[in-house]
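Chain residues, written in single-letter form:
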Amino acid sequence: MTIARGRGKAQGASAFRLPVRVYWEDTDAAGIVFYANYLKFFERARTEWLRSLGFDQERLRAETGIAFVVAETALRYRLPARLDDMLEVTVRVAHLGQASLSVVQQAWRGGDLLAEGTIRVGCVELGTFRPRRVPDDILSKIQAPEQ
């Protein structure tokens, strides 16, 4: 996983990138990635992006009682990924609020954009699932100037 300069207009100036291999379990009988599995790839990339910023989601849950939950998704599929493809899944913050953030995510195979989406994630109190302010230390890392 790396922080890398942008690739294409939608990705912006800089984005987190996670390599993802397509396994048999990710595909349908024809060896093509099942459409819903892009959401799994995107989830993994967001988790590793937070980890790269120094935030482990399990530790956040245990120590603060908060969690990040997906509130909304919008995806567009462009080209199929296939068994054994090596993908690069990106994360770039599009909007940052007090209790939620929206990220643009893309799945690439080489220079080909396969899928892209906008995911809105909310910060919630686990006991009630009511919105809670994103912790200041996380906000400050996300708001830090891109490298």
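Structure: see above.
Residues numbered from 1 in each chain as written. Predicted model: local features only at pLDDT ≥ 70, side-chain atom pairs only at ≥ 80, totals over all residues. Heavy atoms only, no water.

**A word on the overall build of the protein chain**
Next up, step 1: The helix and strand inventory of the protein chain stands at three helices and six strands.
Next up, step 2: The order of helices and strands in the protein chain, counted from the N terminus, is β-β-α-α-β-β-β-β-α.
Next up, step 3: Looking at the protein chain as a whole, 41% of its 147 residues are labelled buried.
Next up, step 4: In the protein chain, once contacts between residues fewer than 6 apart in sequence are set aside, the share between residues at least 24 apart is 64%.
Next up, step 5: Approximately 8,200 Å² of the protein chain is accessible, and the part contributed by carbon and sulfur atoms is 52%. (Helix = DSSP H or I, 4+ residues; strand = E, 2+ residues; numbered from the N terminus. Buried < 20%, exposed > 50% of the residue type's maximum accessible area, 1.4 Å probe, protein only. Contact = heavy atoms within 4.5 Å. Areas by Shrake-Rupley, 256 points an atom, 1.4 Å probe, with all protein chains shown as cover.)

**Side note on the packing of aromatic side chains**
Next up, step 1: Inspection of every chain in the model, using the stated rule, returns four aromatic pairs.
Next up, step 2: Ring plane angle 55° and centroid distance 5.6 Å describe the contact between Tyr-38 and Tyr-77, whose orientation is recorded as tilted. In this pair, Tyr-38 is assigned in helix α1 (residues 37-52) and Tyr-77 in strand β3 (residues 66-77), connecting sequence segments 39 residues apart.
Next up, step 3: In this structure Tyr-38 comes out as buried when scored by relative accessible area, which is 3%.
Next up, step 4: Grouping aromatic residues by their ring pairs yields a cluster made of Phe-34, Tyr-35, Tyr-38, Phe-41 and Tyr-77. (Phe/Tyr/Trp six-rings, centres within 6.5 Å; stacked < 30°, edge-to-face > 60°.)

**Let's talk about the nonpolar core**
Next up, step 1: Judged by nonpolar contacts, the single largest core of 32 residues is most densely connected at Tyr-38, Phe-41, Trp-49, Phe-68, Ala-81, Val-89 and Ile-138.
Next up, step 2: Counting only elements with at least two residues in this core, the list comes to β2 (14-21), α1, β3, β4 (86-96), β5 (100-109), β6 (112-125) and α3 (136-143).
Next up, step 3: Looking at this core, the element that brings in the most residues is α1, giving six residues.
Next up, step 4: The contact partners of Ala-81, leaving out residues within four places of it in the chain, are Val-22, Gly-31, Ile-32, Val-33, Tyr-38, Leu-87, Arg-109 and Leu-114. (Core = buried A, V, L, I, M, F, W, Y, C linked by side-chain atoms within 4.5 Å.)

**So, the environment of Leu-101**
Next up, step 1: Relative to the helices and strands, Leu-101 is located in strand β5.
Next up, step 2: Judged by its relative accessible area of 6%, Leu-101 is buried.
Next up, step 3: Between the C-alpha atom of Leu-101 and that of Cys-123, which follows or precedes it by 22 residues, the distance is 8.6 Å.
Next up, step 4: Aside from chain neighbours lying at most four places away, what touches Leu-101 is Trp-49, Phe-68, His-95, Leu-96, Ile-119, Arg-120 and Val-121.

**Description of the pattern of salt bridges**
Next up, step 1: Enumeration over the complete set of coordinates arrives at 11 salt bridges.
Next up, step 2: Notably, a salt bridge pairs Arg-59 with Glu-63, separated by 3.7 Å at the nearest N-O pair. Placement of both Arg-59 and Glu-63 in helix α2 (residues 57-64) is noted, with a separation of four residues, approximately one turn of the helix.
Next up, step 3: For Glu-63, a relative accessible area of 59% puts it in the exposed group.
Next up, step 4: The shortest N-O distance in the salt bridge between Arg-120 and Glu-72 comes to 3.3 Å. Of this pair, Arg-120 sits in strand β6 while Glu-72 sits in strand β3, and the two are 48 residues apart along the sequence.
Next up, step 5: Through salt bridges with shared partners, a single ionic network connects Glu-48, Arg-51 and Asp-56. (Salt bridge = Lys/Arg side-chain N within 4 Å of Asp/Glu carboxyl O.)

**Considerations on α2**
Next up, step 1: Taking the backbone nitrogen of Glu-58 as reference, a side-chain oxygen 2.9 Å away marks Asp-56 as the first, capping residue of α2.
Next up, step 2: Positioned one or two residues after α2, Gly-65 has a phi angle of 75°, which is positive. (Polar contact = N/O pair within 3.5 Å; in protein donor to acceptor, adjacent residues only side chain to side chain.)

**Let's talk about a nonpolar patch on the surface**
Next up, step 1: Residues Phe-34, Tyr-35 and Tyr-77 make up a contiguous nonpolar surface patch of roughly 330 Å² in combined accessible area.
Next up, step 2: A relative accessible area of 38% means that Tyr-77 is categorised as partly exposed. (Patch = residues over 30% accessible without salt bridge, like charges linked within 9 Å, V, L, I, M, F, W, Y side chains within 5 Å.)

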